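# Survey of secondary and tertiary structure
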Amino acid sequence: DSTTSSEADLRNYIFDDAVNLAKQYKACSHDKLNIIKPAGGNTIASGNTALASNIVGGVLTVNINRCTTADADDSTMRNEITAAINSAFGVSNPTDIADHFMYCLPPGTFGGIAYAYMNSWMSVYKDDWCNYVSAQLHEVGHNLNFGHASEGTAEYGDQSGMMGFSYSQNDSPVMCFNAAKSVQSGWFSDKTVTIDPNNDAGSCYSGPLYGLDSYTSSPADANVLIQLLSTGTTNYHIGFNGKQGSNSGTVEHGNRVLITTQAATGASLKIANLGAGQSYTIANYDGSGRDVTISVTSVSGSDHAVIDIMCGPALCSSDGQCDDNNACTTNVCDGACNFFPISNCCGNGICEPGNGESFDLCFDDCADGPYDVTAPLCSSCYIQDGNMFEVKARDKNVAITTLATRTYAVGGASGTFGGEVWTKQGTMVGFETNMSAWTKIADVSFTSGSWQMLQFPEFDTPVQIAAGQTQSFYVTHKNGGKALWGGGGPVRNTLATEDDNLQMFHGYYNVYPFGGKGAGTWNGVLTYMSDNGVTATLSPTPPPTPAPVNPPTPPPSPAPVNPPTSLPTSEPTNPPSPQPTNPPSPNPTAEPTNPSPTNVPTNPPTPLPTNPPSPNPTAEPTNPPPTNAPTNPPTPLPTNPPTPNPTNVPTNPPTPLPSSPPSPAPTNPPVAAVDKYICTKNAPLPATICADGSLAGGSCSNANAPDSCGKGGKVCWWSSCPGDGGGPPPTPTPPPPSPPTGGCPVCAATGDPCCGTCVDGGKPSGRGCFV
C-alpha cells in the first residue's frame, strides 16, 4: 500500500500551491519562520534507492515491508521509516538531513488523522491529512511546542486559530494562531506590550491594538499583542483577531478582541471575545483584591481596535487626579481613586427601574451578556443567496447586537462579496417578497473562502425584542456569495434551537433580494444581550475622611511579642471561570479522534531506539491532556529493535481530534437545488417529478413555466428538487416560485392562487397545486 497522493501532489500541497504549510507559516510569522526544502540543491541522493528514493524538492518515498491492512501498526511503521532513512542516507538521525519530517502514512495505518511530538522534529499523518493546511500547521505547531487551543470544555474549541480543530480542506481555512501562541512564538516581541497588574495601577493601557496581519503595516510604535503577567503559572494574552490577509479565513470571532489564558503546559483557553462597547473583568486578579477590566472602545474594520485596560484603582493625592470619563460617577481619592455611582443616572452600571430606567430606555445599565445562540449547522448542505427565520424572546426582553453567518463561495473559491441583514417585527409569513416591510440594519463586504463563519460588525442600534414577542431576520449574500443552509425537510417555524432567553425557528431559503423561497434552516450564530431586571439600592457617595479631632493614639511597642503571621498567598486557588458562552459548532471532519500528544525530550532521540510509542487507539480514548516533556532523553530499554539500526522515536501517543467533535464539515460540496419537469396532461406529484423527471430541454426549456409540450394538451410540469450530491453547478438553479403573499399554493397549470382546488382543463385537480 502507499499514500493516495503522489510525490508531486505532496510537494504541491506542502510547498507550492496557493495556501500550504510553507507559505502560511511564512505569512503568519511575517518572515520570522521560513519552512524550506532541504539544502543541497533540489535533489539529495539516496545511497540505497531500494529503501528510500532520492529527496526531490523536499519529498521522498520510503519502501518498507509492512502490510497496512492486516498488520496496522503506526508505531512499528514509524520506526521502520526512520531506520530506512538513516540507512539510505548514511545518517544517525533524520534531523541530520532536515529540521522537520512529516511522515505521510498509507490509509488504514492508524485510527486517527494526525499527531505530532511536542518540541520535536516528527509529525505523522494518515494519508490525505498530509494535504490539508490546517492539519499541517497544527501538527508542526506541536513540534514548535504549541499546545492545543481550547474554549469552554472543548479541548479544540478555539476556532480563531490553527491549534483548535483541523479541517479536511486543502487551501483553507486561511488563518494563523491565537494571541497566546503568538506571544509564545516570539515573532512579534517588538510590538508586544507586557503589563504587570500586580504592580501597575489605574489605566495600564489605552490605545489601538492592531491585528497580527497588520504587524508590518502598523506604525512603528504600535502594539499587536498584550500580555498580562501573573504571579502564578497562567498568564493572560490579548489580541485583535483581524479578519484579513494571512488571517482572512479565521473560523470564528473575526474582527473582535480575544482574551486567552495559557498555562505552563502550553495549552491555551479562550475566555472572552469582545466587540465595540463591550468589556471583560478579571475579578480579584492573582488574589490581590483588585479587578482588571479590559474594555473595547471601538473597532476599525479588520485593522485594529481601540482598547482600555484598568488595573484596579489608580494611586492619587487629590480628587482631581481621578477621572473615569463617566458623568454618572463621583470621583474620590483616598490614596487610590474610587468611583461611586450617582443615583438616577443612566450609565452608573446599576439598573434603577424606580428612577425610570428599563432595558429599552437604559440599555447600558439594564442588560446582561453577551450571549450566543447557534443554529443547527448542516453537514450535508444546500446553497442559496440567503435565509429568513424568526426568533422569539422567552421570559425576558432581549436585544440582538450582531450575528455571524456561514458561507459557501460558488465553486469553493475565495472571493469578495456583499452581505446584508434585514429585520422586521413579528412574523415573516406573508412578507417574504415584500421588501418595504423590512428594515436593513447591516450592509458589509466580505472576503472569504467556503465553509467560513462570517462575523458582521456590531449593529448600530441593537434589535430589541420584548418578552414573548417575535422578530424576523433576513440574512443574505449578494454579488456572488452564497449562504449555506440545512435541508432535510425542516418545517417552517418549528423550533430549531433555544437557550434560556431566546428561541430560533426553522425558516426559508431566499433568492436575493426578495425572491423565491423554500423551507430551509439558517446556519449561523446570533449574539444578544438580555434584560437583567435588576433593582439595587445605591450607597451614598462617601465624602473624604475628615481630619481627626483627637490626636493619634500612641505608637505600638517597638517589637511584637510574637512574630507576625504569614502573608496570604497572592495566587488565587482557582483561575477565573471561562466565558459562559458556548462556541458555534465547528466544521471538522468526521474522522475519529485520538488523545492529545505528550511531550518528548528537548533533544532529538538517541540513535538506538527505546520501545516504540503505544499504538494509536482505534476507539476514541479518554486520556488526559499531554504531560510535560522530560528534560533528558528517554532511557534505552534492552528490547530488540525491529530493524538492525533503527532510530528511536518518542514514547508518546498521537495527537487526536476532539473526543466529541461538532457536526463535521462535508467532504463533498453542498447540493444545489435543481429543477426537473415531466411532459404530461395531468399534474404529477412533485416527488414523481423529482424521481422521473428530466432537466430543461426540448419544448420544456423555461423552468417553472407551464409551456405546452407534446400532443393532446400536455403541459410542462416543473418542481424544484435536491441535487444529486455532486456539488453545485457553476450557477445554482433558483428555487421554486414563491406563492402569493396571501400564503396560498400556486396552481401549476395556470400560475394562479388556488386556496381551494386547482382547475386543470376544466376539471378540479388537487394534484395541480404546490407550494
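Everything in this summary refers to the structure shown in the same document.

Conventions we followed
Residues numbered from 1 in each chain as written. Predicted model: local features only at pLDDT ≥ 70, side-chain atom pairs only at ≥ 80, totals over all residues. Heavy atoms only, no water. Pairing = 2+ DSSP bridges. Helix = DSSP H or I, 4+ residues; strand = E, 2+ residues; numbered from the N terminus. Axes fitted to C-alpha atoms, helices over the stretch in contact; angles between N-to-C directions. Contact = heavy atoms within 4.5 Å. Buried < 20%, exposed > 50% of the residue type's maximum accessible area, 1.4 Å probe, protein only. Parallel < 35°, antiparallel > 145°, perpendicular 65-115°, else oblique. Nonpolar A, V, L, I, M, F, W, Y, C, P; charged D, E, K, R; others polar. Disulfide = S-S within 2.5 Å.

### Section: the sheet that holds strand β5 (residues 122-126)
Strand order in this open sheet of three strands is β3-β5-β4, and the pairing throughout is mixed. Each edge of the sheet is formed by a strand with only one pairing partner; in this case those strands are β3 (101-105) and β4 (114-116). Averaged over all adjacent pairs, the angle separating strand axes in this sheet is 15°, with direction ignored. One ladder, built from three bridges, connects β4 with β5; its direction is antiparallel. Paired with Y115 across the strands is V124, a residue of β5. Sitting on the sheet, helix α3 (residues 74-89) is in contact with β3, β4 and β5, with an inclination near 125° to β3.

### Let's talk about the environment of P457
Counting through the fold element by element, P457 comes out in the loop between β24 (453-455) and β25 (463-465). Here P457 falls in the partly exposed class, since its relative accessible area comes to 47%. Considering only alpha carbons, one finds P457 and A442, 15 residues apart in sequence, at a separation of 8.1 Å.

### Some details on the sheet that holds strand β6 (residues 149-151)
By definition, the strands of a sheet pair up through backbone hydrogen bonds, in either a parallel or an antiparallel sense. Here we have six strands laid out as an open sheet, ordered β6-β12-β11-β10-β9-β7, and mixed in their pairing. Where the open sheet ends on each side, the last strands, each with one partner, are β6 and β7 (192-195). Averaged over all pairs of adjacent strands, the angle between their axes in this sheet comes to 30°, without regard to strand direction. Pairing of strand β9 (residues 225-228) with strand β10 (residues 235-240), which is carried by four bridges, proceeds in the antiparallel orientation. Bridging from a neighbouring strand, I226 pairs with I238 of β10.

### Let's talk about the packing of helix α1 (residues 7-16) against helix α2 (residues 21-29)
Packed helices, taken two at a time, are described by the angle their axes make and the gap between the axes. Running from N to C, α1 and α2 point in directions that differ by 5°, and their axes come no closer than 4 Å. If you check the angle between α1 and α2, you find them roughly parallel. On α2, the residues that touch Y13, I14, F15 and D16 of α1 are L21, A22 and K23. Of the residues belonging to the contact of α1 with α2, the class tally is five nonpolar, no polar and two charged.

### Details of the state of the cysteines
Applying the stated criterion across every chain, the model contains nine disulfides. Across a sulfur-sulfur distance of 2.0 Å, C28 and C176 are joined as a disulfide pair. A torsion of -85° about the S-S bond marks the disulfide between C28 and C176 as left-handed. Of the two residues, C28 sits in helix α2 while C176 sits in the loop between β6 and α5 (179-185), which places them 148 residues apart along the sequence. On the basis of relative accessibility, which here comes to 4%, the residue C28 falls in the buried class. According to the relative accessible area criterion, C176 is buried, its value standing at 7%. Covalent S-S linkage joins C328 and C345, the inter-sulfur distance amounting to 1.9 Å. Between C328 and C345, the disulfide has an S-S torsion of -65° and is therefore left-handed.

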